[in-house]
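Residue strings, one per chain:
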Amino acid sequence: MTYDTIIRNGRWFDGTGAASAVRNIGIRDGHVVAISPDPLDEADCPQVIDATDRWVLPGMLDIHTHYDVEVLDGPALSESLRHGVTTVMLGSCSLSTVHVDGEAAGDLFGRVEAIPRDHVIAAVNRHKTWSSCEEYVSALESRPLGPNVAAFLGHSDMRTAVMGLDRATRSDERPTRAEQAEMERMLKAALDAGFVGMSSMQLLFDKIDGDTCRSRTLPSTYAKPRELRRLKSLLRRTGRILQSGPDIQNPLNLVSQLAQSLGVFRNPLKTSLLSAADVKSNPYAIVALGPMARAVNALGGDFRWQHLPVPFEVYADGIDLVVFEEFGSGAAALHLRDEVERNELMRDESYRRQFRKDYENKMGMRVWQRDFFDAEIVGCPEAPLVGKSFGDVGLERGLHPVDAFLDLVLAHGTALRWRTTISNHRPDVLKKLARDPGIQMGFSDAGAHLRNMAFYNMGLRFLRHVRAAEQAGRPFMTVEVAVHRLTGELADWYRLDAGHLRIGDRADVVVLDPARLDDTLDAYAEHPVDHYGGLSRMVNRNDATVIAVLVGGNTVFRDGAPTDLVGTRRTGRFLRAAHRAPAPTATEKELSSAR
């Protein structure tokens with residue numbers, strides 16, 4: 001037997017959580033055809049990767065991205081590939097580009113996901129040739145996709161396309177019977193095309209861009225129970241998934257989102273909810289999330305929280321950060337696109353009084369801890385301020401922290417860069433969350449918030465956390481289970497042909513150097529994005545960690561550098577839910593050695 005690629009002598013993880021072992025892996029025609037403790041015949045094999053002292057694992061899944069726009073102009077999605085992510089999920093948070101036109105897509109994505117609105121409009125208008133979900137899948141596969149993609153259909157996408165953005169974002173408007181029927185037809189067509197389900201959103205501080213509907217919340221937040229119930233019934237009947245985000249200011253909404261997963265004389269609704277986070281603003285909330293999920297699942301539900309398994313560190317240029325949307329004075333500033341108008345507002349003393357009041361209000365649920373002493377300046381034309389907090393600056397200047405912040409924003413605009421960690425800051429809590437079966441590893445937001453955060457390598461950082469604890473003699477999870485949580489567990493729950501590395505499986509493979517799961521994973525880096533007009537976005541750069549990445553048996557990264565295939569040839573494909581690869585032949589099975 002000849003092979004296209006042999007991966008020699010690596011510590012092999014199959015993605016099921018089973019014990020790892022040193023094996024030789026043979027790949028042919030995009031699939032794993034041999035896994036053996038003995039050397040494979042390397043004659044005529046064009047590529048042999050020496051994985052001695054390396055880990056060989058299935059390509060990782062990223063279950064929460066906003067690549068819906070980038071996949072059109074930059075389908076290689078190389079920032080995910082370089083860190084071993086070989087399958088990404090589109091259509092999160094009720095947002096997709098299946099049915100809306102460019103203008104509406106720009107309004108939906110621009111402010112919520114901090115993607116330049118003009119570029120969203122241009123990308124959708126330039127590439128949109130589809131009018132159905134099947135045509136959308138074909139359009140994606142006509143592009144030189146880097147990783148595999150799977151997708152949710154966005155509720156706000158459907159609602160906007162059917163009702164128009166203005167009517168879809170008015171509390172006194174309901175879809176007509178015909179419009180409701182059309183949304184149900186759209187969702188059914190998406191499920192028939194292999195979409196994993198529907199994403200919705202009830203969180204009220206995600207705001208729309210543009211002029212006509214600016215600062216209204218996303219269309220899905222205006223949906224009433226009947227509309228949601230009819231759409232969810234399609235998901236129940238087909239065993240597909242609802243991804244959603246609760247209105248955190250309304251506890252009843254959260255309880256409802258949990259309860260809807262229960263069957264009770266009907267099929268359970270598979271639900272993936274945003275998100276399980278150890279937020280600084282409420283360190284006690286996380287205590288309840290795991291038990292809530294376990295209780296629902298024990299009663300027959302099928303519920304998961306999404307969780308970013310690393311500290312949630314965010315950066316901001318001036319006041320441009322989505323967390324300001326969660327209180328009135330912050331949202332008022334972001335509502336104004338004109339810099340002169342915004343500056344005039346921030347100078348106004350009555351506005352500042354309201355900002356200080358909002359800042360000091362400790363009541364109610366929120367994401368940001370609103371502590372300017374916990375916000376470090378990392379870039380500023382006033383060089384002596386770098387490394388200080390806004391609170392420190394306020395003390396030096398005899399100002400309230402809010403006034404110190406607003407004064408610096410007025411003086412320097414977006415040249416003022418700062419950072420804070422809003423959640424997942426306690427390592428021991430992260431360990432507990434990592435072990436919880438009601439929690440999924442995900443929520444990277446890759447492709448969005450381009451200047452605010454970068455979690456493309458979150459899987460590698462999670463593996464480092466596990467390995468470091470093991471080396472310190474205080475393990476909280478085996479590496480095998482950690483790999484499973486990032487790969488096979490997610491693929492199985494979303495019913496995707498990914499996440500495993502066994503005979504007959506697609507050869508989506510990552511070879512990494514465990515010795516380089518080190519501090520380089522935390523390093524700050526930026527890189528310009530050509531299709532966003534050269535905008536410099538936050539990225540991750542730890543190129544020595546990942547030795548090789550293969551998608552469908554094709555090598556897309558070697559030693560931190562993309563191969564010639566990336567961006568020129570399609571290596572990934574659209575993964576349809578509930579569609580599996582053919583079973584291996586008997587001859588191939590015989591080549592697999594028993595553990």
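Definitions and limits used
- Residues numbered from 1 in each chain as written.
- Predicted model: local features only at pLDDT ≥ 70, side-chain atom pairs only at ≥ 80, totals over all residues.
- Heavy atoms only, no water.
- Axes fitted to C-alpha atoms, helices over the stretch in contact; angles between N-to-C directions.
- Helix = DSSP H or I, 4+ residues; strand = E, 2+ residues; numbered from the N terminus.
- Parallel < 35°, antiparallel > 145°, perpendicular 65-115°, else oblique.
- Contact = heavy atoms within 4.5 Å.
- Nonpolar A, V, L, I, M, F, W, Y, C, P; charged D, E, K, R; others polar.
- Salt bridge = Lys/Arg side-chain N within 4 Å of Asp/Glu carboxyl O.
- Buried < 20%, exposed > 50% of the residue type's maximum accessible area, 1.4 Å probe, protein only.
- Pairing = 2+ DSSP bridges.
- 1 Å grid on protein atoms, 1.4 Å probe; cavity = no way out; pocket = protein on both sides within 12 Å on 5 of 7 lines; lining within 4 Å.
- Points joined across faces, edges and corners; volume = space filled by probe spheres on them.
- Phe/Tyr/Trp six-rings, centres within 6.5 Å; stacked < 30°, edge-to-face > 60°.
- Patch = residues over 30% accessible without salt bridge, like charges linked within 9 Å, V, L, I, M, F, W, Y side chains within 5 Å.
- Areas by Shrake-Rupley, 256 points an atom, 1.4 Å probe, with all protein chains shown as cover.
- Lys, Arg positive; Asp, Glu negative; His and termini not counted.
- Charge placed at Lys NZ, Arg CZ, Asp CG, Glu CD.
- pLDDT = per-residue confidence, 0-100.
- UniProt positions renumbered as here; feature names shortened; annotations may be inferred.
- Left-handed = near helix turned anticlockwise from the far one by under 90°.
- Core = buried A, V, L, I, M, F, W, Y, C linked by side-chain atoms within 4.5 Å.

**Q** Lay out the packing of helix α13 (residues 339-347) against helix α14 (residues 349-360) with the relevant residues and their values.
**A** Contact geometry of α13 with α14 gives a least axis separation of 5 Å together with a crossing angle of 75°. By the angle between their directions, the pair α13 and α14 is classed as roughly perpendicular. Each of L345, M346 and R347 in α13 lies in contact with α14, whose residues at this interface are E349, Y351 and R352. Tallied by class, the residues present in the contact of α13 with α14 amount to 3 nonpolar, no polar and 3 charged.

**Q** Run through the pattern of salt bridges, naming residues and quoting values.
**A** Throughout the structure, instances matching the rule amount to 47 salt bridges. The salt bridge partner of R11 is E480, with a shortest N-O separation of 3.4 Å. Of this pair, R11 sits in strand β1 (residues 5-12) while E480 sits in helix α19 (residues 479-486); the two residues are 469 residues apart in sequence, bridging distant segments of the chain. Salt-bridge contacts for D508 lead to R506; the nearest nitrogen and oxygen are separated by 3.3 Å. The pair formed by D508 and R506 is uniform in burial state, with each residue classed as buried. Several salt bridges converge on common partners, so that one network encompasses E349, R352, R356, D403 and D407.

**Q** Can you tell me about the sheet that holds strand β15 (residues 417-423), naming the residues and giving the values?
**A** Reading across the sheet, the 3 strands line up as β13-β15-β14 and stay open at both edges, with antiparallel pairing between neighbours. For this open sheet the edge positions go to β13 (312-317) and β14 (376-379), each flanked by a neighbour on one side alone. Here the strands of the sheet are splayed against their neighbours by 35° on average, with no regard to which way each runs.

**Q** Describe helix α12 (residues 328-335), naming the residues involved and giving the relevant values.
**A** Buried residues of α12: S329, G330, A331, A333 and L334, and no others. On its buried face, α12 sits against α13 and α14.

**Q** Give me empty space enclosed by the protein: which residues, what numbers.
**A** Per the counting criterion, the structure on display carries 3 cavities of 30 Å³ or more. The volume enclosed by the largest cavity comes to roughly 60 Å³. Forming the boundary of the largest cavity are M60, L61, D62, V85, S444, F455, Y456, M458, G459 and L486. Elements that contribute at least two residues to the lining of the largest cavity include exactly β6 (60-62) and α18 (458-471). Among the elements that take part in the lining of the largest cavity, β6 stands out by supplying 3 residues, more than any other. Partitioning the lining of the largest cavity into residue classes produces 7 nonpolar, 2 polar and 1 charged.

**Q** Hey, could you go over the packing of aromatic side chains for me, with residue numbers and the actual values?
**A** Applying the stated rule across the entire model yields 26 aromatic pairs. Relative to F405, the ring of F372 lies with its centre 4.6 Å away and its plane at 20°, an arrangement referred to as stacked. Of this pair, F372 sits in the loop between α14 and β14 while F405 sits in helix α16 (residues 401-412); the two residues are 33 residues apart in sequence, bridging distant segments of the chain. As far as burial versus exposure is concerned, F372 and F405 are alike and both buried. Each member of the aromatic cluster is reached from another via a ring pair, and the members are F324, F327, Y351, F355, Y359, W368, F372, F390, F405 and W418.

**Q** How would you sum up the environment of L308? Please name residues and give values.
**A** Its location among the elements puts L308 in the loop between β12 (303-307) and β13. In this structure L308 comes out as buried when scored by relative accessible area, which is 1%. Sequence-wise, L308 and I439 are 131 residues apart; in three dimensions their C-alpha atoms are separated by 9.8 Å. With residues up to four places along the chain from it excluded, the contact list for L308 reads N424, L430, G442, F443, S444, F455 and M458.

**Q** I'd like a rundown of a negative patch on the surface, residues and numbers included.
**A** Side chains of D338, E339, E341, E344 and D348 sit close together on the surface and give a patch of like negative charge. Note on placement: E339 falls in helix α13. E339 sits in the exposed class, given a relative accessible area of 55%.

**Q** Now, about the confidence of the model for the protein chain: what can you tell me, with residues and values included?
**A** On average, residues of the protein chain carry a pLDDT of 94, and 97% of them reach 70 or more. With pLDDT under 50 throughout, residues 581-595 is counted as low confidence; its partners more than four residues away or in other chains account for 27 contacts.

**Q** I'd like a description of unusual backbone geometry, backed by residues and values.
**A** A cis amide bond links L274 to the next residue, S275, at an omega of -15°. Mapped onto the elements of the fold, S275 is located in the loop between β11 (270-274) and α11 (285-298). Although it is not a glycine, D29 adopts a positive phi angle of roughly 55°. Along the chain, D29 turns up in the loop between β2 (21-28) and β3 (31-36). Residue classification places D29 among the exposed positions, given a relative accessible area of 64%. One non-glycine residue, D559, adopts positive backbone phi at about 50°.

**Q** How would you sum up the pairing of strand β8 (residues 148-154)? Please name residues and give values.
**A** The element β8 is extensively covered by neighbouring structure, given that 7 of its 7 residues are classed as buried. On β8, burial covers both faces: N148, A150, F152 and G154 on one face and V149, A151 and L153 on the other are all buried. Looking at chain direction, β8 and strand β9 (residues 197-199) are connected through 3 bridges and run parallel. Each bridged residue has a counterpart across the sheet, and for L153 the counterpart in β9 is M198.

**Q** How would you summarise the UniProt feature "domain: Amidohydrolase" (unreviewed entry) in the protein chain if you had to cite specific residues and measurements?
**A** Mapped onto this structure's residue numbering, the UniProt feature "domain: Amidohydrolase" (unreviewed entry) falls at residues 47-220. Summarising residues 47-220: 38% helix, 16% strand, and an end-to-end C-alpha distance of 49 Å.

**Q** Any chance you could break down the packing of helix α3 (residues 102-110) against helix α4 (residues 117-127) for me, citing the residues and the numbers?
**A** Packed helix pairs are specified by the crossing angle of their axes together with the interaxial distance, meaning the distance between the axes. Contact geometry of α3 with α4 gives a least axis separation of 8 Å together with a crossing angle of 140°. For α3 against α4, the interelement crossing comes out right-handed. Counted together, G102, E103, A105, G106, D107, F109 and G110 of α3 and R117, V120, I121, V124 and N125 of α4 form the full contact between these two elements.

**Q** Outline the nonpolar core, listing residues and values.
**A** Ranked by internal contacts, the top residues of the largest apolar core, which has 145 residues, are F195 and F324. Residues within four places of F324 in sequence aside, it is in contact with I319, G330, A331, L334, F355, W368, F405 and W418. Ranked by size, the runner-up nonpolar core spans 17 residues in total, among them W12, V32, A507 and A548.

**Q** I'd like a description of the sheet that holds β12, backed by residues and values.
**A** Read across the sheet, 8 strands follow the order β6-β7-β8-β9-β10-β11-β12-β16 without closing on themselves; strand pairing throughout is parallel. Of all strands in the sheet, those bounded by a partner on one side alone are β6 and β16 (439-441). Between one strand and the next, the sheet's axes are offset by a mean angle of 30°, whatever the strand orientation. Inspection of the sheet shows β12 paired to β16 by 3 bridges, in the parallel sense. Note that in β16 the partner of Q306 across the bridge is Q440. Running over the sheet, helix α10 (residues 251-259) touches β10 (241-244), β11 and β12 and is turned about 125° from β12.

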